[in-house]
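Now for the letters of each chain:
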Amino acid sequence: MFKRGDIMIGGIFPVFNKEITSTDSFKMEPLDVMCEGFDLRAFRWTQVMIFAIDEINKDPALLPHISLGYRILDSCASPTNTVRAALTLGSETDGMEATSPCPPAISALIAESGSSQSLAVTETLGPFQVPVVSYFSTCACLSNRAKYPTFFRTIPSDYFQAKALAALVKHFGWEWIGAIQSDNDYGRNGVLAFAEEVKKLKICIAFIGTVLRTYPLDKILKVVEMIKQSTVKVILAFVPEGDFYPLMREIVKQNITGIQWIASEAWITAARPSTPEMYQAFGGALGFVVQKMNIPNLYPFLMNINPYRDPTKICAGNETLMDHTQDVFFNVSQLRVTYNVYKAVYAIAHALHQLVFCRPAGEKNVKPCLNVSEIHPKEVTHHLQRVNFRNQFGDDVFFDENGNPPASYDVINWQLRNGQVEHVTLGHFTSTKNGEYRLSIEEDKIVPTSLCSNVCPTGTRRAQIRGKPVCCFDCVPCAEGTIANFTGALDCTACPQEYWSNERKDGCIPKTVEFLAYHEPMGVALTVVALLGASLSLLTMIVFIHYRETPVIKASNSELSFFLLLSLFLCFLCPLTFIGRPTVWTCMLRHTAFGVTFALCISCVLGKTIVVVTAFKVTHPNNKPAVGQFGPIQQRIIVCSCTLIQVIICTLWLKLNPPFPDRIFKYSNKKIVLECNTGSEVAFYAVLGYIGILSVICLILAFLARKLPDNFNEAKCITFSMLIFCAVWITFIPAYVSSPGKFTVAVEIFAILSSAFGLLISNFAPKCYIILVKPEKNTKKYVMRLNASRKYSLERKYQIHNVFTIPVYE
């Protein structure tokens, strides 16, 4: 991140907290440094530096008419990368005029968070007299003015923190403790300073374990075994959060509890470990943190971060942080290290103001006494040592002879409230000018942690451990469908039937409602097929009406054909009542409409079949009464009577025990299936059975007439259509019974559409083919070309063509 100004300030932050190591082969140029683990907390530090510089540039009383610029680099929390960044900042002039040999690119540097990194930066830039102001490096070793004369910091030294931690141990009377240190300057020097302080108080340290974020698992497990085998109940962890987190996870994994943890300021308020899961082992931890502050106007500044603020980044331009306003990144009410960055920028600005204008900031109409191009880092270091001002929050900002600020800490305690870990302030530690200190703790706010078992978090219940007292228990996750929405629950509560437990088992959420909807792919497909069938039925009816005077239509009994097409049209529309959310009316309509329309359809086919059989199975040709019994009136009676029986069955069904919408819970624990309950299984299968009886009768009669002459092949069409119809509905029953949820409805719709298409295509496709494609066969002339052996049959057929249901070509 870069912005040009009259005076440049550098910044080094661990925006990524881990370097991806690689081995150089020395046969080619080394690869670019790769880092991982984006740290929002460190990213906020960079933004606060930019925010503070923008504030200063707008302040007419601080560095008037002089603009501050910045260049910020990432260290990846690695001393090696920190040195690389420091050399980059110290060697590039970015086009600034050079007034002395090898002028530095920056007048001051804000760096770094880790003590090892700050040591590396200070030793690298020390010969150039570039002042380094750290915001989070607390190692007491950095106070050595003989070695690090250009180092300053806005966070108290571990010298004071060691005194504060020793005072805390003495306050509670702990005399046998353990210690965990990080394998770097911060951890080693911190524990060493603490050991020296507690030795004066005759407090013993049982063991010292060492960890680091890059350690393999076996080294972490050795420290875990050290803790488990020791008898200490109080352990100090003087470790940065990134180095301590792997050990914390292993301690929680092995369920090591009953230990009072004392934390350094590096992890006590870190967001990543402050979870209910970690609280099981680290609940009640005590530690010290620097003063917190709420910086005005910082929240809107953070909310307005966008790619255009940094033109060096390649972004789409549509990125926004508005959807993450609840993240810790935007919580500006608990700023501690961030406030240190803010103070560091202002300390450098006041030093530069004193240098350029030869007087403290605050006076108006001042004139510079030094050209900006003549500023040398050595002079900035000199004026930083003399900085002493009170900022807008009422805090005095100054450095002692060792570059340290005045020591002041808050005492923090981990407490679980409403299922979340909170950092509760219990007291304060302050140092005085004469070297004395004062520790005050509100002990009544401390949540006791001397428990056999920690309080069970939400989503778990207490399970008594066999052979141990009542206060000793395990925390068992709630079973599926049950929750515990408060800590320490004795048992889990079952969710209502319409709800199911969430993943954390601390709340009930509504179950997913499932039914065959119009908008889902299956619903769309079935709807399209149903409408296609209805359209084909209408088109066929239009063709028959238009060609009703032709021999094919006349010979096929146009009245029954029209009835059959109408019933097929209604059959194709029936599936539309099966799709969508079930209601009382749709449930009653879907089954009854299906039963009546299909009964009408099969009745029409039955009437046509009886006429065919009667016409061609009469043993004596002169038996005219046998043929006359099946004239148009008799056919209508057959259709109406067969349909009326189905109407009576459906009426009794609706009257006695009608279908109704029902909610089914048995298919899935997380879903509610909405479907139509048939009300009466007997009535449902009676409707299907009656349609089956009509279909079987049609199939038998059509089968008997299958060997008619080729020109009279309608019996074959009916036979084929009835075979399809019966096959579909025979396979429907097992599929219907075994299909779960909405697939039951889909199976029924598929059976309706398949059987309807079978009837439509088998009965009407050959006739439409002759009418539309082979019109020469739809004439009397074609009929006259038949064999003489068939003449008698054709003349007989022509005389009674209005009664026949088979195609006769006149």
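Conventions adopted
Residues numbered from 1 in each chain as written. Predicted model: local features only at pLDDT ≥ 70, side-chain atom pairs only at ≥ 80, totals over all residues. Heavy atoms only, no water. Helix = DSSP H or I, 4+ residues; strand = E, 2+ residues; numbered from the N terminus. Buried < 20%, exposed > 50% of the residue type's maximum accessible area, 1.4 Å probe, protein only. Polar contact = N/O pair within 3.5 Å; in protein donor to acceptor, adjacent residues only side chain to side chain. Contact = heavy atoms within 4.5 Å. pLDDT = per-residue confidence, 0-100. Axes fitted to C-alpha atoms, helices over the stretch in contact; angles between N-to-C directions. Parallel < 35°, antiparallel > 145°, perpendicular 65-115°, else oblique. Left-handed = near helix turned anticlockwise from the far one by under 90°. Pairing = 2+ DSSP bridges. Right-handed = clockwise from strand over helix to strand, strands pointing away. Expected span 1.5 Å × (residues − 1). Salt bridge = Lys/Arg side-chain N within 4 Å of Asp/Glu carboxyl O. Disulfide = S-S within 2.5 Å.

Visitor: Hey, could you run me through the side chain of T482 in this one?
Guide: The topology assignment puts T482 in strand β21 (residues 482-483). Look at T482 and you get buried, because its relative accessible area is 16%. Among the polar contacts made by the side chain of T482, one reaches the main-chain carbonyl oxygen of A479 at a distance of 2.6 Å. With near-sequence residues (within four places) excluded, T482 lies in contact with C492, T493, A494, C495, S501 and K505.

Visitor: So what exactly am I meant to see when it comes to the confidence of the model for the chain here?
Guide: Atomic detail in the predicted coordinates should be set aside for any region of low pLDDT. Counting all residues, the mean pLDDT for the chain is 82, and 85% of those residues have values of 70 or more. In this model, residues 94-103 is a region of pLDDT below 50 whose contacts with residues beyond four sequence positions or in other chains number 10 contacts. A low-confidence stretch, residues 622-628 (pLDDT under 50), is modelled with 8 contacts involving residues beyond four sequence positions or located in other chains.

Visitor: Got a minute to help me understand the packing of helix α12 (residues 521-546) against helix α14 (residues 558-573) in this structure?
Guide: Helix-helix packing: each pair is described by the crossing angle between the helix axes and the interaxial distance. Viewed as axis vectors pointing N to C, α12 and α14 meet at an angle of 165°, and their least axial separation amounts to 8 Å. As far as their axial angle goes, α14 and α12 are roughly antiparallel. Viewed along their axes, α12 and α14 form a crossing whose handedness is left-handed. The residues of α14 that touch α12, namely those facing A530, G533, A534, S537, L538, T540, M541, F544 and I545, are S561, F562, L565, L566, L568, F569, F572 and L573.

Visitor: Would you mind showing me how to read the sheet that holds strand β2 (residues 7-13) here?
Guide: Strands pair in a sheet through their backbones, by hydrogen bonds, and they do so in one of two ways: parallel or antiparallel. Judged by pairing direction, the sheet is mixed, and its 6 strands sit side by side in the order β1-β5-β2-β6-β7-β8 without closing on themselves. With one partner strand each, in any of the chains shown, β1 (2-3) and β8 (151-153) form the two edges of the open sheet. Taken together, the 2 bridges between β1 and strand β5 (residues 68-74) define a ladder with antiparallel strand orientation. Considered in β5, the bridge of K3 is made with Y70. With respect to the sheet, helix α1 (residues 40-58) is in contact with β1, β2, β5 and β6 (108-110), its orientation differing from that of β5 by roughly 175°. Strands β2, β6, β7 (132-134) and β8 of the sheet are contacted by helix α3 (residues 115-125), whose axis makes an angle of about 170° with β7.

Visitor: Mind showing me how you'd approach the pairing of strand β12 (residues 260-263) here?
Guide: As a general feature of sheets, a regular strand has side chains that alternate between the two faces. Side-chain alternation along β12 places Q260 and I262 on one buried face and W261 and A263 on a second face that is also buried. Across 4 bridges, strand β11 (residues 234-238) lies against β12 in parallel orientation. Each residue of the ladder has a partner; that of L236, found in β12, is I262. The handedness of the β11 to β12 crossover, carried by helix α7 (residues 241-253), is right-handed. Bridge count between β12 and strand β13 (residues 286-290): 2 bridges; the pairing is parallel.

Visitor: Mind showing me how you'd approach α12 here?
Guide: Owing to its 3.6 residues per turn, the α-helix brings residues three or four apart onto one side. Over its 26 residues, α12 extends 37 Å from the first C-alpha to the last, a length consistent with the 38 Å expected when each residue adds 1.5 Å. Looking only at α12, the buried set comprises G523, L526, T527, A530, G533, A534, S537, T540, M541, V543 and F544.

Visitor: Is there a simple way to think about the pairing of strand β26 (residues 660-664) in this case?
Guide: With 5 bridges joining them, β26 and strand β27 (residues 671-677) adopt antiparallel strand pairing. By the bridge assignment, D662 is partnered in β27 with E675. Here β26 hands over to β27 after 6 residues, the two strands then running antiparallel side by side.

Visitor: Help me understand the pattern of salt bridges in this model?
Guide: Opposite charge on two side chains permits pairing when their charged atoms draw close. Tallying each qualifying case throughout the model produces 14 salt bridges. One salt bridge connects D243 with R213, and the closest N-O pair in it is separated by 2.9 Å. Of this pair, D243 sits in helix α7 while R213 sits in the loop between β10 (204-211) and α6 (217-229); the two residues are 30 residues apart in sequence, bridging distant segments of the chain. One connected set of salt bridges, linked through shared partners, spans K163, E197 and K200.

Visitor: Sorry if this is basic, but what is going on with the side chain of K608 here?
Guide: Relative to the helices and strands, K608 is located in helix α16 (residues 584-616). At 3.3 Å, the side chain of K608 forms a polar contact with the side chain of S561.

Visitor: Help me out: how do you make sense of the state of the cysteines in this one?
Guide: In a disulfide, the sulfur atoms of two cysteines are covalently bonded to one another. Here the structure, examined in full by the defined rule, presents 7 disulfides. Across the disulfide from C35 sits C76; the S-S distance is 1.6 Å. Taking the sign of the torsion about the S-S bond as the criterion, the disulfide between C35 and C76, at about 95°, is right-handed. Taken together, the residues span a long stretch of sequence, with C35 in strand β4 (residues 34-38) and C76 in the loop between β5 and α2 (79-91) at a distance of 41 residues. Of the residues examined, C76 reaches a relative accessible area of 5% and is grouped as buried. Not engaged in a disulfide, the cysteine C642 finds its nearest cysteine sulfur in C698; these two sulfurs lie 8.4 Å apart.

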